[in-house]
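Results of the structural survey
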Amino acid sequence: MFPMSRHLILRSMCRLKRVVNTPTVLRQQTFIHNKAFRTEFQARHRIIQNFLRDQKRFKSVKTDHGDKTPISWRISIVCAILGGLYALHLYNTMKNQDLREAREKRKKLGTAAIGGTYELIDFDGKTRTDKDFLGQWILLYFGFTHCPDICPDEIEKLVKVVDKIDADKELPNLQPVFITVDPLRDTPKAMKQYCEEFSPKIIGLTGSKEKIDEACKNFRVYYSKGPEDEDGDYIVDHTIIAYLLNPKGEFVEYFGKNKTYDTLVYEIKEYMKKYAVFED
């Protein structure tokens, strides 16, 4: 529209120039003749002015509101908080559902057929049964005091694990228990002297061969007395395994001698944490 109006302006200027150079009568005629043109020119000029005014007003409004967004920063923060709360609620819901499913699965599968009752004698000659250790986490090991190398190494490692677990205030204490597979030589006195060399925390248990056999059978522990030498000394071949029992006296896991100290600490901690969640 604007180029057309400019063209009309140039045409009018040319006509006015010609009118100035003509006689008076002709100028009057030309003026009358161009009246309609001027009316059209003025109308177009008004249209252009209105258009430019509207454009200027639109730019002014856009500048005033250009820095404003539909959603203020306060609304953004509120939306972020609500979104975080919803995500947390969704996480807790899914976590609780997973725990319920794990509990149901645990009930259906049950626990391994390892462990059971036993009735043995401690350092002081006092009868001890599995019921005496309920409410405690137990790290149970089978061995004998005359073992030349494996038992000392394993007991030393287990004692370090117990001390590490006990040092963590967020976890329950771990009670080490040592049951002999050599009841003929491992008297209560011998057991006490042997266990105190490693840690005062260890509770050593012995008993008659029948009672030892019963405990070993329940925990699937194999042992066999070897031939005696000239001095009457002998070696007992036995399963080298430590057992983790939960406060209900239930079998949780077994650890062979290939398990390192760090692995034992990590796995026992995880079992304790899971038990706390399941039983909460």
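1. Concerning the pairing of strand 4 (residues 174-180)
With seven of seven residues buried, strand 4 is to be regarded as a mostly interior element. Residues Leu 174, Pro 176, Phe 178 and Thr 180 of strand 4 are buried on one face, and the alternating residues Gln 175, Val 177 and Ile 179, pointing to the opposite face, are buried as well. Taken together, the seven bridges between strand 3 (residues 137-143) and strand 4 define a ladder with parallel strand orientation. When the bridges of strand 4 are listed, Ile 138 appears paired with Gln 175. Read from strand 3 through helix 5 (residues 150-167) to strand 4, the crossover connection turns out right-handed. For the crossover from strand 4 across helix 6 (residues 188-196) to strand 5 (residues 203-205), the handedness is right-handed.

2. Some remarks on the pairing of strand 8 (residues 241-245)
A large share of strand 8 lies buried, amounting to five of its five residues. Of the two faces of strand 8, the one lined by Ile 241, Tyr 243 and Leu 245 and the one lined by Ala 242 and Leu 244 are each fully buried. Pairing between strand 3 and strand 8: four bridges, direction antiparallel. Along strand 8, the bridge assignment pairs Tyr 141 with Ala 242. Where strand 8 meets strand 9 (residues 251-256), five bridges bridge the pair, whose relative direction is antiparallel. Opposite Leu 244, over in strand 9, you have Glu 253 as the bridge partner. The antiparallel pairing of strand 8 with strand 9 creates a hairpin that spans five residues between the two strands, and Gly 249 there sits at a positive phi of about 80°.

3. What to know about the side chain of Asp 186
Relative to the elements of secondary structure, Asp 186 occurs in the loop between strand 4 and helix 6. Look at Asp 186: it is buried, it has no salt bridge, and the nearest opposite charge is Arg 185 at 5.8 Å. Polar side-chain contacts of Asp 186 include one of 2.3 Å to the side chain of Thr 180.

4. Digging into the sheet that holds strand 5
In spatial order, the strands read 5-4-3-8-9; together these five strands make up an open sheet with mixed pairing. Where the open sheet ends on each side, the last strands, each with one partner, are strand 5 and strand 9. Sheet twist, expressed as the mean angle between neighbouring strand axes with direction ignored, is 25°. Its contacts with the sheet put helix 5 on strand 3, strand 4, strand 8 and strand 9, and the angle it makes with strand 3 is roughly 175°. The sheet strands contacting helix 8 (residues 261-278) are strand 3, strand 4, strand 8 and strand 9, and the helix crosses strand 9 at an angle near 175°.

How each quantity is defined
Residues numbered from 1 in each chain as written. Predicted model: local features only at pLDDT ≥ 70, side-chain atom pairs only at ≥ 80, totals over all residues. Heavy atoms only, no water. Buried < 20%, exposed > 50% of the residue type's maximum accessible area, 1.4 Å probe, protein only. Helix = DSSP H or I, 4+ residues; strand = E, 2+ residues; numbered from the N terminus. Pairing = 2+ DSSP bridges. Right-handed = clockwise from strand over helix to strand, strands pointing away. Lys, Arg positive; Asp, Glu negative; His and termini not counted. Salt bridge = Lys/Arg side-chain N within 4 Å of Asp/Glu carboxyl O. Polar contact = N/O pair within 3.5 Å; in protein donor to acceptor, adjacent residues only side chain to side chain. Axes fitted to C-alpha atoms, helices over the stretch in contact; angles between N-to-C directions. Contact = heavy atoms within 4.5 Å.

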